[in-house]
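In case you want the letters, here they are:
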Amino acid sequence: MSSRYTFGGDEHIFVEVDEEMSLEAFFVSLSMTNAVRKANIKGVTEICPANASFQIKFDPDVIHPDDMMKELKRLEAEAEQGDNVLETRIIEVPVYYQDPWTHDTLMRFRERHQDPSATDIEYAASINGYDSVEKFIEAHSGAPWFVSMVGFVSGLPFLYQMVDRSRQIQVPKYLSPRTDTPRQTVGYGGSFSCIYSVRGAGGYQMFGITPMPIYDPEQRVPYLKDFMVFFKPGDIVRFKPINREEYDAVIAQVQAGEYMPRIRNVRFSLSEFNADMDGTNAKLMEALYDR
Amino acid sequence: MTVNVISAGIATTIQDLGRPGYYHLGIPMGGAMDRLALKTANLLVGNDEGAAGLESVFVGPELEFTQDATVAVCGAELPPKVDGEPRDTWTAFTVKAGQVLSFDFLKSGARIYIAISGGITTPMYLGSRSTYAIGALGGVDGRPVQPGDSLPLGKSSKMVKGGLSVPKALRRGPSNPAELRVLPGLYWHRLTEQAQKNFFEDTWKVANEADRMGYRFQGGRKLEFVEREQPFSAGADPSNITDACYPYGSIQVPSGSEPIVLHRDAVSGGGYFMLGTVISADMDLIGQLQPNTPVRFVKVDMAAALAARKEQATIMDEIREVLS
């Protein structure tokens, strides 16, 4: 992997670790941004890790862009020696697949869709070779996901599924973006799932909705009391399919201020994962449910 | 100690200099689109440069004052009126308790900044009062101001003379055609040589989709991409990339047809390639461009970008000196 460094105007440096997505590229991006944070370089104002790239914003009045570039390149060698082990958390996110709200929305935007005669999830299932939506939901919820980037809008996580490439789901984005997406929609574009943190525009295919708030500027949700954004890069997510009754029950808990998602601390090693993906995922599930 | 909103104008929001530090979570820095105009308006009324004021687009609000205050309006040429009597832009004037501040029709530019002595003191979120409506953050309940709102004002710490004014030579507005200087980079190499040339040769026009999130441009030739097999997870269109961070000012071109320059309320990332970035010195200017304004993108290098940044800082220093 050899990273490509480029300036974004006079205030940003953009580093593309790899053109294509992989957990390896994500880990390089994460360890690089951790190294930049640790190095405490004067003039750095923002450190933004992304899926297979990252971006540094800096004040060119404090440090010359060429010097900032040199600093970052110097840190690359150090970051590549990282052991790719992460102390992180695994979170169960309930998902009501094929819910009525995203269904209403997708019907309103059929003319922007590749296959106007199918729903988003029917389309995704069929182009990925699944003979039923149920089997597709099994695949989508059957293996955990990595939060590989937080952004676009407030607190929106991009998630990358922890399976080998042959099992990765790939789905194109809408032909042209929708002007509306329900809050907490679980979407899919390219090889990424996302959870729309707020209502608004969006181009990802809509599969379902979670009753679990992930962004709360008012900070009324108990698990968002410390900070208004729930996810951070490196979090691991397990989508748990739920039905309407379960969905309504969680919503009632959220409204009463009593909902707490299931969260456990775990240690994740990329090399262990690469050696045995299904075994590693099974251990993660044990950590999530057997305590 | 409030100012009451009678009518809201267009897209009137509370803005200060924004909330840097949270872009990695998708929360943009926000703040005034034309920072120099907001800072200058604040200095005119004796506020800190970063105090919160109002930003309006094309049409100003109507505001009723419940106390005497000093007011200044900078940025676009949208003449203010006090109880119907005209006042000058870029000049401090007094409004007495019970009087109403309103605005005439827009003459040039796009955005005005209204500073009021004491500054607007709605609650801070993540260190800023700036309104980020998409994230329901800042401002009044996370939204633009609306009729019936009562905006709280702080205590004015410094008495200022009425009539204090910024000399004409230090006021800035867009030229016609406007020029936006661009440092090529990011995914510039994805364009064919011809497309790279065309982008800087063509005259573009500001499209109607031009807001705090970004400005869209139309009218240039469609950009062609160097052929390649798309990388895994990027998506099939040649304008797609594996979702990545977007710099402020970066120019993305979905499907190669209409460039979009991201501004203060930028989405922090996504899956469109970017050809380069508008230099920091020209970001304020973008916020003053009206739809249909012809625009040329001008190719510059880093040395020119830094020189322009220095030049802009010097103008701000001169304004500070004149108003001190």
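Residues numbered from 1 in each chain as written. Chains lettered and ligands numbered in written order. Predicted model: local features only at pLDDT ≥ 70, side-chain atom pairs only at ≥ 80, totals over all residues. Heavy atoms only, no water.

The name given to chain B in an unreviewed UniProt entry is Allophanate hydrolase, with Marinobacter salinus as the source organism.

Going by the annotation in an unreviewed UniProt entry, the name recorded for chain A is Allophanate hydrolase, with Marinobacter salinus given as the source organism.

*Asks:* Would you take a moment to explain the pattern of salt bridges for this structure?
*Replies:* Oppositely charged side chains may form a pair once their charged atoms are brought near each other. In this structure the tally under the stated criterion is 35 salt bridges over all chains. In this structure, Asp 180 of chain A and Arg 108 of chain A form a salt bridge, with 2.8 Å as the shortest nitrogen-oxygen distance. In this pair, Asp 180 of chain A is assigned in the loop between strand E7 (157-161) and strand E8 (185-189) and Arg 108 of chain A in helix H3 (residues 100-108), connecting sequence segments 72 residues apart. Here Asp 180 of chain A falls in the buried class, since its relative accessible area comes to 9%. For Arg 108 of chain A, a relative accessible area of 48% gives the class partly exposed. Put simply, Asp 248 of chain A and Arg 244 of chain A hold a salt bridge, and the shortest N to O gap is 3.1 Å. Of this pair, Asp 248 of chain A and Arg 244 of chain A both sit in helix H6 (residues 244-255), four residues apart, roughly one helical turn. Taking relative accessible area as the criterion, Asp 248 of chain A reaches 36% and is therefore assigned partly exposed. Residue class for Arg 244 of chain A comes out partly exposed when judged on its relative accessible area of 38%. One salt-bridge network, in which partners are shared between bridges, spans Asp 10, Glu 11, Lys 57, Asp 59 and Asp 61 of chain A together with Arg 309 of chain B. (Salt bridge = Lys/Arg side-chain N within 4 Å of Asp/Glu carboxyl O. Helix = DSSP H or I, 4+ residues; strand = E, 2+ residues; numbered from the N terminus. Buried < 20%, exposed > 50% of the residue type's maximum accessible area, 1.4 Å probe, protein only.)

*Asks:* What's the story with the domain arrangement of chain B in this structure? I'm lost.
*Replies:* Accessible area lost on assembly of the parts is the figure often given for the size of an interface. All names here are of chain B. For chain B, the assigned domains are domain 1 (2-169) and domain 2 (178-314). Just the C-alpha atoms count here: the centres of domain 1 and domain 2 sit 29 Å apart. At the junction of the two partners, domain 1 supplies 25 residues and domain 2 supplies 20 residues. Taken together, the connections running from domain 1 to domain 2 amount to one salt bridge. Among the salt bridges present, the one from Glu 55 reaches Arg 212, with a minimum N-O distance of 2.9 Å. The interface formed by domain 1 and domain 2 holds 17 residue pairs in polar contact (both at pLDDT 80 or more) in total. (Domains from an automatic or database assignment. Contact = heavy atoms within 4.5 Å. Polar contact = N/O pair within 3.5 Å; in protein donor to acceptor, adjacent residues only side chain to side chain.)

*Asks:* Please clarify how the sheet that holds strand E20 (residues 294-299) of chain B should be interpreted in this entry.
*Replies:* Strand pairing within a sheet occurs via backbone hydrogen bonds; the two strands may be parallel or antiparallel. All names here are of chain B. One closed barrel holds the seven strands; their spatial order is E12-E19-E16-E17-E14-E13-E20, and the pairing between them is mixed. In this sheet, adjacent strand axes meet at a mean angle of 40 degrees when their direction is disregarded. Taken together, the two bridges between strand E13 (residues 204-210) and E20 define a ladder with antiparallel strand orientation. From the neighbouring strand, Lys 205 faces E20, where its bridge partner is Pro 294. Docked against the sheet, helix H2 (residues 193-201) engages strand E12 (178-184), E13, strand E16 (250-252), strand E19 (274-278) and E20, running at close to 130 degrees with respect to E20. (Pairing = 2+ DSSP bridges. Axes fitted to C-alpha atoms, helices over the stretch in contact; angles between N-to-C directions.)

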